[in-house]
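Listed below, chain by chain, are the residues.
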Amino acid sequence: MNVVPSHPPVSDIAAAIAEPARTRMLYCLMDGHARTSTELAVVAEVSPSTASVHLARLLEQQLVQVTTQGRYRYYRLENASVAAALEALTVLAGKARGEFVPNTPPRLRAARTCYDHMAGAVAVSLHRRFLEEAWLVEDPDQDGDYELTRKGAGVFTAAGMDLDTARSQRRRFACACLDWSERQPHMAGALGAALLKTTLKRKWMVKDLDSRALRLTSLGRRELSQRFGLATAL
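So, here is what we can say about the structure in this document. Keep in mind it's a predicted model, so treat the numbers as computed, not measured. (Residues numbered from 1 in each chain as written. Predicted model: local features only at pLDDT ≥ 70, side-chain atom pairs only at ≥ 80, totals over all residues. Heavy atoms only, no water.)

### Describing the overall build of the protein
Counting secondary structure elements, the protein contains 11 helices and 11 strands. What you see for the protein is a C-alpha radius of gyration of 19 Å, in line with the 17 Å of a compact globule of 234 residues. Dimensions of the protein along its principal axes, counting C-alpha atoms only, are 50 × 50 × 45 Å. Each of the 234 residues in the protein was classed as buried or not, and the buried ones make up 41%. Within the protein, residue pairs in contact and separated by at least 24 positions form 56% of the contacts whose partners lie at least 6 positions apart. Once the 31 positive and 25 negative side-chain charges of the protein are each reduced to a mean point, those two points are 6 Å apart. (Helix = DSSP H or I, 4+ residues; strand = E, 2+ residues; numbered from the N terminus. Rg over C-alpha atoms; globule rule 2.2 N^0.38 Å. Buried < 20%, exposed > 50% of the residue type's maximum accessible area, 1.4 Å probe, protein only. Contact = heavy atoms within 4.5 Å. Lys, Arg positive; Asp, Glu negative; His and termini not counted. Charge placed at Lys NZ, Arg CZ, Asp CG, Glu CD.)

Here you go:
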């Protein structure tokens, strides 16, 4: 039997994620912000020297990247693929045995960041709306990927989203990401990142200072209803 070795090995990546201190570090970085090793040591509840060892392991497995600025070293997730894997693991860890009943804190369940795109009930509702209106259609050649229709391009451009920049990025343009609190997909990829950037820039959403939570403003509630037909009850 021919077995094609993976690189880096899946077991090594899984082991790097599995250690509790490193797990806390990775999920802290899910909001897309960079943090120093000292800040991550506090999150991981370990000493600074131990945090450095953990971060070296995460760097080795290409789960995080580091940027040096002055005398500080800032760590962030390596890319959106790492964030997607962590989100998927969260879904598996919280998989219900019977009927699904969300136990996520209300603020996080309503809306939050998932690395560089939006997650939570609002994001799931938007994703559903985009498909219902055929602004996005499934890509027949790539499972889980979407193509943007001409009508959708017009709607998103009118909302202020920079589609040219989104298309120019070397990543998936638009794809489904299973939401861990709703157990339904929200939109990820470059288009998902563009959507979050627009909602923040236009003050439709406001980031929480101390968590991944996003707050839908009264302006945002009105704009999402008028532009995308999102239910005002959200």
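### So, the environment of Gln169
Within the element layout of this structure, Gln169 appears in the loop between helix 9 (163-168) and strand 8 (175-178). Along the backbone, Gln169 and Pro20 are 149 residues apart, and their C-alpha atoms lie at a distance of 33 Å.

### Comments concerning the environment of Cys28
Looking at where Cys28 falls in the secondary structure, it is placed in helix 2 (residues 20-28). Note on Cys28: relative accessible area 17%, which makes it buried. Expressed as a C-alpha distance, the spacing of Cys28 and Gly160, which sit 132 residues apart in the sequence, is 30 Å. The contact partners of Cys28, leaving out residues within four places of it in the chain, are Arg35, Leu40 and Val43.

### Some remarks on the packing of helix 2 against helix 4 (residues 48-60)
The N-to-C vectors of helix 2 and helix 4 enclose an angle of 70°; their axes lie 10 Å apart at closest approach. The orientation of helix 2 with respect to helix 4, classified from their angle, is roughly perpendicular. Across the interface between the two elements, Ala21, Arg22, Met25 and Leu26 of helix 2 pack against Ala51, His54, Leu55, Arg57 and Leu58 of helix 4. Of the residues that constitute the contact of helix 2 with helix 4, the class distribution is 6 nonpolar, 1 polar and 2 charged. (Axes fitted to C-alpha atoms, helices over the stretch in contact; angles between N-to-C directions. Parallel < 35°, antiparallel > 145°, perpendicular 65-115°, else oblique. Nonpolar A, V, L, I, M, F, W, Y, C, P; charged D, E, K, R; others polar.)

### With respect to the pattern of salt bridges
Evaluated as defined, the whole model comprises 8 salt bridges. Between Glu182 and Arg109 there is a salt bridge, with its nearest N and O atoms 2.7 Å apart. Within this pair, whereas Glu182 is found in the loop between strand 8 and strand 9 (185-188), its partner Arg109 is found in helix 6 (residues 106-110), the two being separated by 73 residues in sequence. Among the residues examined, Glu182 registers a relative accessible area of 11% and is labelled buried. Residue classification places Arg109 among the partly exposed positions, given a relative accessible area of 32%. Because the salt bridges share partners, they merge into one network encompassing Glu87, Arg112, Asp179 and Arg212. (Salt bridge = Lys/Arg side-chain N within 4 Å of Asp/Glu carboxyl O.)

### Details of empty space enclosed by the protein
Applying the stated rule across the entire model yields 1 cavity of 30 Å³ or more. Of the volumes computed, that of the largest cavity is approximately 50 Å³. Surrounding the largest cavity, Met118, Ala123, Leu126, His127, Phe130, Met187, Gly192 and Leu195 form its lining. Broken down by secondary-structure element, the contributors of at least two residues to the lining of the largest cavity are helix 7 (121-132) and helix 10 (189-201). Of the residues belonging to the lining of the largest cavity, the class tally is 6 nonpolar, 2 polar and no charged. (1 Å grid on protein atoms, 1.4 Å probe; cavity = no way out; pocket = protein on both sides within 12 Å on 5 of 7 lines; lining within 4 Å. Points joined across faces, edges and corners; volume = space filled by probe spheres on them.)

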